[in-house]
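Spelled out from the first residue to the last, the chains are:
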Amino acid sequence: MNNQKIAEIFNEIASMLELSKTSNIFEIRAYKKAALTIESLPEDVSDIIEKNGIEGLTELNGIGKALAEKINEFVKTGKIKKYQELKKKYPIDFKNLTRIQGLGPKRIYALYKNLKVSNVEDLKKVIDEKKIRSLPGFGQKSEEELEKGLKLLESSKGRILLGKALPEAELIIKQLKDSGLVEKVVLAGSTRRMKETVGDLDILVISNIPEKVMEFVTKLSEVENTIVIGPTKTTVWLKIGISCDIRVVSKESFGAAQQYFIGSKDHNVKVRQIAIKKGYKLNEYGLYDLKGKIVASEDESNIYEKLGMEYPEPEMRENRGEIELAKENKLPKLIQLDDILGDLHVHSTHSDGLNTIEEMALEAAKLGRSYIGMTDHSKSEYIARGMDEKRVLKYFDEIDTLNDKLNGKIKILKSAETDILKDGSLDFSDKIIEKMDYVLASIHTNLNMNKQDMTKRLLTAITSNKINIIAHPTARLINQRQPIEFDLDKVFQATKDNNIVLEINSYPERLDLNDENILRAKEFNLQFSINTDSHRVNNLELLRYGVGMAKRGWLIKKDVINTLPYEKLIKVFKK
Ligand code: DGT
Ligand code: CA
Ligand code: CA
Ligand code: ZN
């Protein structure tokens with residue numbers, strides 16, 4: 001695939017341009033935007049060129065003539081001259097170094113110039129040698145932060161984001177279903193439980209021709225190589241960088257196998273103890289009585305039933321109290337994707353999105369949503385082309401016009417992703433805020449404040465009586481950036497007292513709030529909003545990851561504000 005490679009090169013070019021005094025912000029943005037577009041294309045750029053030439057590329061969002069030619073250059077020659085020239089000047093592994101928390105292009109360059117750091121290995125070395133603390137502009141605190149960032153990156157090794165794992169699993173499952181070789185296929189493991197990162201894929205199959213199934217699996221285009229192949233279990237290494245376990249099980253024990261392989265391990269251990277207490281034995285083949293007679297095995301819910309438990313949805317199976325509730329028939333009726341009626345965090349070309357408001361609205365309507373809230377960035381988000389007050393007024397005008405034009409097909413709410421500044425004040429004046437249907441506020445800068453100051457900053461915003469939703473409340477990026485530090489309980493309490501809604505951001509890198517924080521926030525009986533933070537039309541489908549998180553946090557429909565129909569929602573915001 002050329003796409004991934006080109007996107008990486010464009011991102012690196014953007015990093016290097018940030019270092020050069022002569023380059024301009026528009027050029028840097030153009031490369032970043034193009035990288036986003038290329039990364040998410042359903043077909044390889046070479047196919048596009050073959051079909052429609054360079055013009056096929058310029059039709060894509062965010063790709064002008066100059067960038068189209070660079071893409072063509074790569075497809076034809078395998079390189080991009082501009083990239084190679086920049087690389088000569090900056091022989092630095094920006095791709096991996098920028099993944100470390102606290103390192104942007106400028107700091108990376110400072111490390112390179114002063115300490116000859118050009119890759120992650122070098123960085124590790126100078127941290128071990130405690131050389132960074134004496135560097136101007138860094139200091140001991142930075143050194144410690146970088147050490148933490150490095151650990152975070154290393155601990156993520158071997159696990160990938162749910163947002164990558166689930167579509168891959170679905171692709172494999174679909175091919176197995178279409179193969180005609182299997183009677184049934186289901187997803188198990190952490191992917192089925194919608195855990196935010198996944199160590200490997202687990203797929204269960206019923207088939208009476210297991211050898212054929214396994215051979216089929218090893219030949220899938222997603223597979224890089226075969227690790228072990230056998231009639232009941234095969235493990236393959238996938239090109240996306242994790243392995244996949246395929247197990248063929250008998251129809252009779254399919255329920256028991258599901259119960260076992262969906263996991264989690266902690267959940268299973270506890271369930272097995274319950275089985276033992278009841279005089280049974282439970283394993284991946286079935287639930288047996290003391291004489292070895294099968295009590296339940298074909299159907300998963302039968303196993304729970306025989307153990308005197310309600311059926312827990314996979315997302316809950318983490319041994320966080322769900323087993324006790326299941327025994328008392330008190331499991332919550334978890335929220336479902338279809339309960340969500342609208343999306344309250346959506347970007348467009350007015351800031352850093354790739355599609356127009358109208359395109360976003362029409363796509364959302366197609367997905368069955370009845371409203372979207374437009375939340376392009378505010379002016380402090382300079383790189384993201386945040387809107388100043390003049391532009392935001394035009395933005396609202398455009399939304400009014402579109403609402404007339406769309407005639408109720410879908411409703412568009414007026415908002416903006418308003419930065420919470422360092423002192424807790426907002427990035428828009430009251431005059432602008434009053435024109436919004438609701439205010440979505442978030443923290444993007446000064447993420448390193450200490451816990452006390454960050455708590456104060458958030459409390460100032462929360463008690464200002466100006467905001468409705470706090471977006472991605474901890475600002476973490478999975479495997480890349482630690483959550484900001486604040487007193488969770490204080491902030492959750494204030495959120496509740498001030499009728500503010502906390503977002504569950506569905507973006508696979510964010511998933512923020514995460515499951516644990518949702519469980520904790522839920523104790524305060526506050527409201528949540530599950531949003532996509534879409535930056536292009538195909539992002540609108542990310543909602544299922546946020547819903548997955550919500551289910552892992554035990555939320556029910558009435559905990560989530562965007563399950564309300566438009567009229568009711570508007571009333572809640574007006575209050
Ligand atoms: P992962 O792959 O690290 O993201 O997490 P899982 O949960 O998918 O773990 P994995 O692939 O090692 O195993 C799949 C399921 O199999 C796991 O969720 C529960 C079950 N399992 C694996 N090992 C054990 C075990 O030692 N005891 C029990 N009771 N269950 C196990
Ligand atoms: Ca797994
Ligand atoms: Ca596994
Ligand atoms: Zn956003």
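Our subject in this report is the structure included herewith. Quick caveat, the model's predicted, so the values are computed rather than measured. (Residues numbered from 1 in each chain as written. Chains lettered and ligands numbered in written order. Predicted model: local features only at pLDDT ≥ 70, side-chain atom pairs only at ≥ 80, totals over all residues. Heavy atoms only, no water.)

1. Side note on the site of ligand 1
Consideration 1: What surrounds ligand 1 is a group of 16 residues, the closest being Arg-159, Ser-190, Arg-193, Gly-199 and Asp-200.
Consideration 2: Between Ser-190 and ligand 1, the recorded distance is 2.5 Å, taken from a side-chain N or O atom to an oxygen atom.
Consideration 3: In this structure, Asp-200 approaches ligand 1 through a side-chain N or O atom, which is 2.9 Å from an oxygen atom.
Consideration 4: In isolation ligand 1 offers 590 Å² of accessible surface; the protein chains occlude 72% of this area. (Near = heavy atom within 4 Å. Polar contact = N/O pair within 3.5 Å; in protein donor to acceptor, adjacent residues only side chain to side chain. Areas by Shrake-Rupley, 256 points an atom, 1.4 Å probe, with all protein chains shown as cover.)

2. A few points about the environment of Gln-4
Consideration 1: In this structure, Gln-4 sits in helix H1 (residues 2–19).
Consideration 2: With a relative accessible area of 36%, Gln-4 lands in the partly exposed category.
Consideration 3: Taking the C-alpha atoms as reference points, Gln-4 and Thr-356, 352 residues apart in sequence, are found 25 Å from one another. (Helix = DSSP H or I, 4+ residues; strand = E, 2+ residues; numbered from the N terminus. Buried < 20%, exposed > 50% of the residue type's maximum accessible area, 1.4 Å probe, protein only.)

3. Concerning the coordination of the calcium ion (ligand 2)
Consideration 1: For the calcium ion (ligand 2), the full set of protein donor atoms is Asp-200 (O), Asp-200 (OD) and Asp-202 (OD), and the range of their distances to it is 2.2 to 2.6 Å.
Consideration 2: Angles of 70 to 169° at the metal separate the 6 donor atoms of the calcium ion (ligand 2), which places the site in the irregular class.
Consideration 3: Here the calcium ion (ligand 2) and the calcium ion (ligand 3) are spaced 3.6 Å apart, linked through Asp-200, which binds each one. (Donors = N, O, S within 2.8 Å, 3.2 Å for Na, K, Ca; no water. Tetrahedral: all angles 85-135°; square planar, octahedral: opposite > 155°, others 65-115°.)

4. Considering the nonpolar core
Consideration 1: Of all hydrophobic cores here, the largest spans 94 residues; its most connected members are Leu-176, Ile-203 and Phe-528.
Consideration 2: The leading source of residues in this core is helix H10 (residues 162–178), at 7 residues.
Consideration 3: Counting only domains with at least three residues in this core, you end up with domain 2 (160–248) and domain 4 (337–574).
Consideration 4: Those residues in contact with Leu-176 that sit more than four places away from it in its chain are Val-182, Val-185, Ile-203, Val-205, Val-213, Phe-216, Val-217 and Ile-246.
Consideration 5: Among the nonpolar cores identified, the runner-up in size contains 47 residues, and Ala-7, Ile-108, Phe-138 and Leu-146 belong to it. (Core = buried A, V, L, I, M, F, W, Y, C linked by side-chain atoms within 4.5 Å. Domains from an automatic or database assignment. Contact = heavy atoms within 4.5 Å.)

5. A look at the side chain of Asp-202
Consideration 1: With respect to the element layout, Asp-202 can be found in strand S4 (residues 200–206).
Consideration 2: Judged by relative accessible area, Asp-202 falls into the buried class, the value being 10%.
Consideration 3: When neighbours within four sequence positions are excluded, Asp-202 is seen to be in contact with Val-186, Leu-187, Ala-188, Gly-189, Asp-245 and Arg-247.

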